[in-house]
Amino acid sequence: MQTNEIKIKTEFIKLDQFLKFSGLAETGGHSKEIIAEGIVCVNGEVCLARGKKLYNGDIVEVENYRFKVIKE
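In this text, all values refer to a predicted model and were calculated from it rather than measured experimentally. For every chain, the first residue of its written sequence is number 1, and the numbers climb from 1 along that sequence. Residues qualify for local features only when their pLDDT is at least 70, as the model is predicted, and side-chain atom pairs are given and counted only at 80 or more; totals for whole chains, interfaces and linings, by contrast, use all residues. Values reported for side chains reflect all heavy atoms of the structure, with hydrogen atoms and water molecules removed beforehand.

S.K.: Quick question: what am I supposed to make of unusual backbone geometry here?
M.R.: Leave glycine aside and you will find that most residues have negative phi; peptide bonds, for their part, are mostly trans. Backbone geometry places asparagine 43, a non-glycine residue, at a positive phi of 55°. Going along the chain from the N terminus, every DSSP run of H or I of four or more residues is numbered as a helix, and every run of E of two or more is numbered as a strand. Relative to the helices and strands, asparagine 43 resides in the loop between strand 3 (40-42) and strand 4 (45-46). By relative accessible area, asparagine 43 is classed as partly exposed at 43%. Not every positive phi belongs to a glycine, and glutamate 63 is a case in point at roughly 50°. On the secondary structure map, glutamate 63 appears in the loop between strand 6 (59-62) and strand 7 (65-71). Three labels apply to residues, based on accessible area from a 1.4 Å probe with only protein chains included: buried if under 20% of the type maximum, exposed if over 50%, partly exposed otherwise in between. With relative accessibility at 58%, the residue glutamate 63 sits in the exposed group.

S.K.: What exactly am I supposed to notice about the packing of aromatic side chains here?
M.R.: For any two aromatic rings, the description comes down to two numbers: the centre-to-centre distance and the angle of the planes. Pairing of aromatic rings covers Phe, Tyr and Trp, the last counted by its six-membered ring, and requires centre-to-centre distances within 6.5 Å; plane angles under 30 degrees mean stacked, over 60 mean edge-to-face, and any other angle means tilted. Counting across every chain of the model gives two aromatic pairs. Look at phenylalanine 12 and tyrosine 55: their rings are 5.8 Å apart centre to centre, the planes differ by 55°, and that puts the pair in the tilted class. Taken as a pair, phenylalanine 12 in the loop between strand 1 (3-8) and strand 2 (13-14) and tyrosine 55 in the loop between strand 5 (53-54) and strand 6 lie far apart in primary sequence, 43 residues in all. The partly exposed category is assigned to phenylalanine 12, whose relative accessible area is 30%. Assessed through its relative accessible area of 36%, tyrosine 55 is described here as partly exposed. Both rings, one in phenylalanine 18 and one in phenylalanine 67, keep their centres 6.2 Å apart while their planes meet at 80°; by these two values the pair is edge-to-face. Placement of phenylalanine 18 in helix 1 (residues 15-22) and of phenylalanine 67 in strand 7 is noted, with a sequence separation of 49 residues between them. Per residue, the accessibility class of phenylalanine 18 equals that of phenylalanine 67, and both read buried. When the NZ atom of lysine or the CZ atom of arginine is within 6 Å of a ring's centre and also within 35 degrees of its normal, the charge is said to sit over that ring. Between the NZ or CZ atom of lysine 53 and the centre of the ring of phenylalanine 12, over which it lies, the distance is 4.6 Å.

As structure tokens, then:
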């Protein structure tokens, strides 16, 4: 599975915002649904908290997609 890097300019980004920013979710409501389904993993663990803060180096996986958070 290929890891794509998503660059952020802030110290952290919340998981629901990240899903929209990365293009995995079309809207905030869609982000909420994806997270509630239990298919989002952060650093290898299922995450159900849409407000989870993601920092530099964190890995987010949704089905066959993997993203690494990179702080610019």
